[in-house]
Amino acid sequence: MSHNPVRPWRNIDRRVSRQIHVGPVAVGGGAPISVQTMTNTLTTDVAATVAQVQAAADAGADIVRVSVPDEASSRALREIVRESPVPIVADIHFHYRRAIESAEAGAACLRINPGNIGSADRVREVIKAARDHGCSMRIGVNAGSLEKHLLEKYGEPCPEAMIESGLDHIRILEDNDFHEFKISVKASDVFLAAAAYQGLAEATDAPIHLGITEAGGMMSGTVKSAIGLGSLLWMGIGDTLRVSLSADPVEEVKVGFEILKGLGLRHRGVNIISCPSCARQGFDVIKTVEVLEKRLEHIKTPMSLSIIGCVVNGPGEALMTDVGFTGGGAGSGMVYLAGRQHHKLGNAGMVDHIVELVEKRAIEIEAEREAEAAAAAKAAE
C-alpha cells in the first residue's frame, strides 16, 4: 500500500497476493513492485549479454529475462547467471529440455507455459527441475499466441479467453503441487490487456506480472504502457512489470521506474519537476532539464528537484522539493533548499551549481537514513 494519512486521495490499496521469489527478489505479498527488462543480444554472445544485463541493473532493473531458444543458449546461460548482478529469468517457448537445462544452469525463474511443452510427463520433469534448483516460474499468456481451442471457443482473443488460458496453466502447476509461480496476460491492445488483468486479479491470488506486449517504439510504447500499466497499478493490481519497447532495454527500465515514481509506488533517483516553458521563462528550461537529467543519472537516492522558468509557479513548486530553482530577471534566478529561498544564482553557472546541491543533498539524505536505522537498531536491543 502507498499510504498517505495527510493526503488520502494519493493512497493505493494493493491487491493481496501470495509471495514468491525470483532469486532473492520477493514478488507479491506486499513486496516492492519489481522492474524487469529483457536482453536483445544473442544469448550465445555471453559478453554482450552480460554487458546488457549490467547496464539494465545499473539503471535499476531488479530482474532481467534472457531468451533460451536452443541448447547453445542454455549452455551460455550458466555463465551469464554467474556474472549477472540480478536474478535471471530464462525465456522458454515449447522446448521442455531448454527449461530443464536453464534450471540446471542457475536461472532464478522460468518463463514458460506448462500447457505448451507436451505430455504430462514432460511437465512433471520441468517442475521437478524447477523445484530441485529453486526456480520459480512465470506463466506468460499472450493474446497473440492463444491456444487454438480457445480461439475456436471465443472467436477471437478476448479477456475471457486469456483468463481461461491462464487458469488452465495454473491448474497444471497446482495439480503437481507447484505454487512458486506468477502470471501475466499480455496484449498489445491496452483495453484487452487491462480487462484481462482485472479479471485475472479476481480469479487468483498468484502474483501478477504486468505488461503491454509489443507496445511499439519509444514514444508510442511509453504512452501505451503508461496508460495500461498506470491504470492497473492505480487499481492496486501488479507485483512486477516490464515495459516492452522497441528500444534499448535500459529505456524500458527507466520508463518502468517513471511509471512507478509517478504513482508513488517506487522511489529511485532524482524526480525532476519542470515546466514546459513559455515566453515568461528566465532561462532555457528545456535545454537545462535535458542536461540535468543526464548529469544526475548517477544518483540513486530518492529526492526531488524543481526547475521552473518563472515566478508564477516556481516558488510554489519549490515548497515541495528538496532543491529548486526558479527563473527571474536580469540573467539570474532563486535557489530554494527544502522549500525555502536560499540564495540567488546566475543562469550562466546554474547547471554545475544545481548538480553540486543535489549531490550534497543526496549525501545528507543517506546520512539521515543511516542515523535513523542505527537509532532503530539500538532501540530494538
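Structure: see above.
All values reported here derive from a predicted model rather than from experimental measurement.

Conventions we followed
- Residues numbered from 1 in each chain as written.
- Predicted model: local features only at pLDDT ≥ 70, side-chain atom pairs only at ≥ 80, totals over all residues.
- Heavy atoms only, no water.
- Core = buried A, V, L, I, M, F, W, Y, C linked by side-chain atoms within 4.5 Å.
- Buried < 20%, exposed > 50% of the residue type's maximum accessible area, 1.4 Å probe, protein only.
- Helix = DSSP H or I, 4+ residues; strand = E, 2+ residues; numbered from the N terminus.
- Contact = heavy atoms within 4.5 Å.
- Pairing = 2+ DSSP bridges.
- Axes fitted to C-alpha atoms, helices over the stretch in contact; angles between N-to-C directions.
- Expected span 1.5 Å × (residues − 1).
- Salt bridge = Lys/Arg side-chain N within 4 Å of Asp/Glu carboxyl O.
- Parallel < 35°, antiparallel > 145°, perpendicular 65-115°, else oblique.
- Left-handed = near helix turned anticlockwise from the far one by under 90°.
- Nonpolar A, V, L, I, M, F, W, Y, C, P; charged D, E, K, R; others polar.
- Lys, Arg positive; Asp, Glu negative; His and termini not counted.
- Polar contact = N/O pair within 3.5 Å; in protein donor to acceptor, adjacent residues only side chain to side chain.
- Phe/Tyr/Trp six-rings, centres within 6.5 Å; stacked < 30°, edge-to-face > 60°.
- Lys NZ or Arg CZ within 6 Å of the ring centre and 35° of its normal.

Enquirer: So what about the nonpolar core? Which residues, and what values?
Expert: The biggest cluster of nonpolar side chains holds 78 residues, and the ones touching the most others in it are Leu-110, Met-137, Met-162, Leu-210 and Leu-233. Counting residues per element, this core draws most heavily on helix H7 (residues 190–203), which supplies eight residues. Those residues in contact with Leu-110 that sit more than four places away from it in its chain are Val-89, Ala-90, Ala-99, Ser-102, Ala-103, Val-126, Ala-130, Cys-135, Ser-136, Met-137 and Arg-138. Residues Leu-305, Ile-307, Leu-345 and Val-351 belong to the second largest nonpolar core, which totals 23 residues.

Enquirer: Any chance you could break down the sheet that holds strand E10 (residues 240–242) for me, citing the residues and the numbers?
Expert: Here eight strands make up an open sheet; going across it, the order is E8-E7-E6-E5-E4-E3-E10-E9 and the pairing parallel. Edge positions in the sheet fall to strand E8 (181–186) and strand E9 (209–210), since each has one partner strand and no second. Note that strand E5 (residues 88–91) and strand E6 (residues 109–111) share three bridges and pair parallel. Residue pairing for E6: Ala-90 is matched across the bridge by Leu-110. Each of E8 and E9 touches H7; the most contacted strand, E8, lies at about 150 degrees to it. Here helix H9 (residues 249–262) sits on the sheet in contact with strand E3 (34–38) and E10, set at roughly 160 degrees to E3.

Enquirer: Can you break down helix H6 (residues 159–175) residue by residue, with the values?
Expert: Between its first and last C-alpha atoms H6 spans 24 Å; for 17 residues at 1.5 Å apiece the expected length is 24 Å, and the two agree. Along H6, the residues that are buried comprise Ala-161, Met-162, Ile-163, Ser-165, Gly-166, His-169, Ile-170 and Leu-173. Turning to H6, the residues buried within the fold contact helix H4 (120–132), strand E7 (136–142), helix H5 (148–154), E8 and H7. Immediately downstream of H6, the backbone of Asp-177 shows phi near 55 degrees, a positive value.

Enquirer: Give a detailed account of the pattern of salt bridges, specifying residues and quantitative values.
Expert: Pairing between side chains becomes possible if they bear opposite charge and their charged atoms approach one another. Tallied over the full model, the rule gives 21 salt bridges. A salt bridge links Asp-91 to Arg-65; the nearest nitrogen and oxygen atoms lie 2.6 Å apart. Taken as a pair, Asp-91 in strand E5 and Arg-65 in strand E4 (residues 63–67) lie far apart in primary sequence, 26 residues in all. When its relative accessible area of 6% is taken as the criterion, Asp-91 is described as buried.

Enquirer: Break down the pairing of E8 for me, citing the residues and quoting the values.
Expert: By the criterion of burial, E8 is predominantly enclosed, with six of the six residues buried. What you see with E8 is no split at all: Phe-181, Ile-183 and Val-185 on one side and Lys-182, Ser-184 and Lys-186 on the other are buried throughout. Sheet analysis places E7 next to E8, joined by six bridges and oriented parallel. Across the sheet, the residue bridging to Ile-139 is Ile-183, located in E8.

Enquirer: Give a description of the packing of helix H10 (residues 285–295) against helix H12 (residues 350–380) that names residues and reports values.
Expert: Across the interface, H10 lies against H12 with an axial gap of 11 Å and an inter-helix angle of 40 degrees. With respect to H12, the element H10 is oriented oblique. For the element pair H10 and H12, the recorded crossing hand is right-handed. In contact with Thr-288, Val-291, Leu-292 and Arg-295 of H10, H12 contributes Met-350, Val-351, Asp-352, Ile-354 and Val-355. Among the residues forming the contact of H10 with H12, the class breakdown is six nonpolar, one polar and two charged.

Enquirer: Help me get a handle on the side chain of Glu-147, residues and values and all.
Expert: Assignment of secondary structure puts Glu-147 in the loop between E7 and H5. At 10.0 Å, Arg-111 is the nearest oppositely charged side chain to Glu-147, a buried residue that forms no salt bridge. Engagement of the side chain of Glu-147 in a polar contact is seen with the side chain of His-169, the distance being 2.9 Å. With residues near it in sequence (within four places) discarded, Glu-147 still touches Asn-116, Ser-165 and His-169.

Enquirer: Describe the packing of aromatic side chains, and please don't skip the residues or the numbers.
Expert: What the rule picks out here adds up to one aromatic pair. Between Phe-283 and Phe-325, the aromatic rings sit 5.3 Å apart at their centres with planes inclined by 65 degrees, giving edge-to-face as the arrangement. Remark: Phe-325 occurs in strand E13 (residues 323–327) and Phe-283 occurs in the loop between strand E11 (270–274) and H10; sequence separation between them is 42 residues. Residue classification places Phe-325 among the buried residues on the basis of a relative accessible area of 0%. Between the NZ or CZ atom of Arg-18 and the centre of the ring of Phe-181, over which it lies, the distance is 4.5 Å. The positively charged end of Arg-268 is found above the aromatic ring belonging to Phe-257, 5.7 Å away from the centroid.

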